[in-house]
Amino acid sequence: MAAPLLRHDRAVGIVTMMHREPRAFDADDLELLEAIAAQAAVAIENASHYEEAKRERARLAAVIASAHDAIVETDVHDRVVRVNPAGERVLGLAGSVAGCPVADAAGHELAPLYAEQAPVAREITLADGRVFDCALVELPGGGKVLGMHDITTLKNLDALKSEFVAHVAHDLRAPLGVIQGNAWLLADLPQLGDEDRGVAREILDAIQRMRALIDNVLDVRRIEMGLAAELEDMDLTPVLRAALGASAATGRRKAIALDLDLAPGLPRVRGSALRLERAVANLLGNALKFTPSGGRVRLSAAPEDGWLVVRVADSGPGIPAALHGRLFRKFSTLGEYREQEGNGLGLAIVKTLVEAHGGRVWVESEVGQGAVFGFALPARSSALPGS
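### Re the overall build of the protein chain
- Tallying secondary structure elements over the protein chain gives 9 helices and 14 strands in all.
- Here the protein chain has a C-alpha radius of gyration of 33 Å; the compact-globule value for 387 residues is 21 Å, and the former is much larger.
- Counting only C-alpha atoms, the protein chain reaches 130 × 55 × 50 Å along its principal axes.
- The 387 residues of the protein chain split such that 35% are buried.
- In the protein chain, once contacts between residues fewer than 6 apart in sequence are set aside, the share between residues at least 24 apart is 57%.
- Counting every atom, the protein chain has about 22,400 Å² of accessible surface; 55% of that belongs to carbon and sulfur.
- One finds the centroid of the 42 positive side-chain charges in the protein chain at a distance of 5 Å from the centroid of its 52 negative side-chain charges.

### Quick look at the confidence of the model for the protein chain
- Mean pLDDT over the protein chain works out to 83, with 91% of the residues at or above the 70 mark.
- For the stretch residues 382–387, pLDDT sits under 50, and the model shows 9 contacts to residues farther than four places along the chain or on other chains.

### Focus: the packing of helix 8 (residues 273–290) against helix 9 (residues 346–356)
- The N-to-C vectors of helix 8 and helix 9 enclose an angle of 145 degrees; their axes lie 9 Å apart at closest approach. Relative to helix 9, helix 8 is oriented so that their crossing is left-handed. From helix 8, R275, R278, A279, N282, L283 and N286 reach across to helix 9, where they touch G346, L347, I349, V350 and L353.
- Counted by class, the contact of helix 8 with helix 9 contains 6 nonpolar, 3 polar and 2 charged residues.

### A look at helix 7 (residues 237–253)
- For helix 7, spanning 17 residues, the distance from its first C-alpha to its last is 25 Å, which sits close to the expected 24 Å at 1.5 Å a residue.
- S247 marks the point of greatest bend in helix 7, at about 40 degrees.
- Restricting attention to buried positions, one finds in helix 7 the residues T237, V239, L240, A243, L244, S247 and G251.
- Buried residues along helix 7 sit against strand 8 (232–234), strand 9 (257–262), helix 8, strand 11 (296–304) and strand 12 (307–314).
- Two residues or fewer after helix 7 comes A255, characterised by a positive phi angle close to 60 degrees.

### With respect to the packing of aromatic side chains
- Under the counting rule described, the total for this entry stands at 1 aromatic pair.
- The positively charged end of R360 is found above the aromatic ring belonging to W307, 4.3 Å away from the centroid.

### Section: the packing of helix 7 against helix 8
- Contact geometry for helix 7 and helix 8: axes closest at 9 Å, N-to-C directions at 35 degrees. For the pair helix 7 and helix 8, the sense of crossing is right-handed. Contacts from V239, L240, A242, A243, L244, S247, T250 and G251 in helix 7 reach A273, L276, E277, V280, A281, L284 and L288 in helix 8.
- In terms of residue class, the contact of helix 7 with helix 8 is built from 11 nonpolar, 3 polar and 1 charged.

### As for the sheet that holds strand 4 (residues 80–83)
- The 5 strands lie next to each other as 4-3-7-6-5, forming an open sheet whose pairing is antiparallel. This sheet does not close on itself; its edge strands, each paired only once, are strand 4 and strand 5 (120–125). Going across the sheet, the axis of each strand differs from the next one's by a mean of 20 degrees, ignoring polarity.
- Where strand 5 lies against strand 6 (residues 131–138), 6 bridges are found, and the strand directions are antiparallel. When the bridges of strand 6 are listed, A121 appears paired with A135.

### Comments concerning the pattern of salt bridges
- One pass over the full model with this rule turns up 13 salt bridges.
- With its nearest N and O atoms 2.4 Å apart, the salt bridge here joins R82 to E73.
- Residue class for R82 comes out partly exposed when judged on its relative accessible area of 49%.
- Measuring nitrogen to oxygen at the nearest pair gives 2.4 Å for the salt bridge that ties R298 to D261. Of this pair, R298 sits in strand 11 while D261 sits in strand 9, placing them 37 residues apart in sequence.
- In this structure D261 comes out as partly exposed when scored by relative accessible area, which is 34%.
- Where salt bridges share partners, they join D233, R268 and R380 into one cluster.

### What to know about the pairing of strand 7 (residues 144–150)
- Bridge count for strand 3 (residues 70–74) against strand 7 is 5 bridges, and the pairing is antiparallel. Looking at strand 7, one finds that A70 is bridged to M148.
- In the sheet, strand 6 pairs with strand 7 via 7 bridges, with the strands oriented antiparallel. Counterpart to F132 in the pairing with strand 7 is D150.

### Concerning the sheet that holds strand 12
- Ordered by their spatial adjacency, 5 strands build an open sheet running 9-11-12-14-13, and the pairing between neighbours is mixed. Bordering the open sheet on either side are strand 9 and strand 13 (360–365), each of which pairs with just one other strand. For this sheet the average axis-to-axis angle between neighbouring strands, irrespective of direction, equals 15 degrees.
- Relative to strand 14 (residues 371–378), strand 13 is paired through 6 bridges, and the arrangement is antiparallel. Paired with S365 across the strands is A371, a residue of strand 14.
- The strands touched by helix 7 within the sheet are strand 9, strand 11 and strand 12, with strand 9 carrying the most contacts at an inclination of about 170 degrees.

Reading guide: rules and limits
Residues numbered from 1 in each chain as written. Predicted model: local features only at pLDDT ≥ 70, side-chain atom pairs only at ≥ 80, totals over all residues. Heavy atoms only, no water. Helix = DSSP H or I, 4+ residues; strand = E, 2+ residues; numbered from the N terminus. Rg over C-alpha atoms; globule rule 2.2 N^0.38 Å. Buried < 20%, exposed > 50% of the residue type's maximum accessible area, 1.4 Å probe, protein only. Contact = heavy atoms within 4.5 Å. Areas by Shrake-Rupley, 256 points an atom, 1.4 Å probe, with all protein chains shown as cover. Lys, Arg positive; Asp, Glu negative; His and termini not counted. Charge placed at Lys NZ, Arg CZ, Asp CG, Glu CD. pLDDT = per-residue confidence, 0-100. Axes fitted to C-alpha atoms, helices over the stretch in contact; angles between N-to-C directions. Left-handed = near helix turned anticlockwise from the far one by under 90°. Nonpolar A, V, L, I, M, F, W, Y, C, P; charged D, E, K, R; others polar. Expected span 1.5 Å × (residues − 1). Bend = angle between axes of the 7 residues up to and from the residue. Phe/Tyr/Trp six-rings, centres within 6.5 Å; stacked < 30°, edge-to-face > 60°. Lys NZ or Arg CZ within 6 Å of the ring centre and 35° of its normal. Pairing = 2+ DSSP bridges. Salt bridge = Lys/Arg side-chain N within 4 Å of Asp/Glu carboxyl O.

Shown next, in the form of C-alpha cells:
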C-alpha cells in the first residue's frame, strides 16, 4: 500500500507500507495512510524551510561579522540583542552585553539617537574624539539596528583643509588691500581715457568679489570653531523680518514678490540673532538669484514636533534630485546646470550655521517645480508670552 506525500499539488515523496499477507490492507488503512502522508509532507516542508532559514541566518551573521562598520541590534525596549566584532572594538565592549540598555552598554553619546523616531542619520562624536556617521533604522517586527561608519580621518582632513584655506584667505587680505588702493588711485587719474577707466573699475569689481570670497571662507572657519559664547534664548520672528526686509530691494529690482508666512505662537530657540539672520539672508539671496522676474519667493516658519522649521520656497527652475547632495558642500556648484553661480559657499555657510545651533538643513525640489530650502532648530518652549 502506498500514498504520495503531496504539498501544493506536487509530490515530494512516497510512503509505502508492506504486509506478508496478501490483501491485508483495506480502504480504511489506505485513508489512514493518506492522512499520515499529508502530515509527513507538511513536516518535511517545514524542515526544509527551517534549514533554509538557518542557512540564511548563518550567511547574514557571517556578513555582519565581517563588516568593518560597527553594527548594533536592539529590541523594542532599546536593549542590546547583538553587536558585531567591529562594534565591540569601536565601543570597547568586553563580554556579553545582551539585554543591557544600549546607552549603558554602548555609551551615552548614542542616547540622543534612540531618543528620536527612527530612521535617524547623524554624526556622533565619542568621548575619545572619534567621529562616526550613524544611521538608525527600525527592523520589521520591532527593534532597531544601528550602523556606525568611522569618519574621523575624513573629518580631520576636512579640518586641515579648512585651516589651510583660512590661513591662505587671511594672508591674501594684505596684498588685496594694496591692489585695491592702487586701483582706486588709477581710476581717479584725470589723464585716463574711458576705456582705461573701465579696466580700473573691472579690477575693483574683481577685488570686491575676492574680498567677499575671503570673508565667506573666514566666516565658515569661525563658525566651525564654535558659537557657544554667542548663543542665547531668543525669538526668531524679528530675525526673519529683518532678513526679508534686507532682501526687499533685490526683490523689487527683479520684480519678484516676497511673502512672509509666520505661524502664530512660534517657539523660542537658543541661537545667535546675527548668525541666524545671515543664514536666512543667504537662503533668500539664493532664491532671488535663481527665480526669474515675475516669480515669487516665500519665507515661512512654523513649529513641528519640537522643532522650529524655517522654509524658503521659490518659483525658480528647480533642481534635479541627483544634484541635491552637492548643494550644501563647500565650494560646490551645479556647473552648467545653473547660470549666475557664486563661489559655492552661501549654502555651505547656512549648513554650518544651522548645525552649530544643533539643527539640520535640507532641500526639496524637482525640475520645473521650484525649490524649497529649509532648516530646523530645536524649540526651547511653546508659544511666546502674548503671541
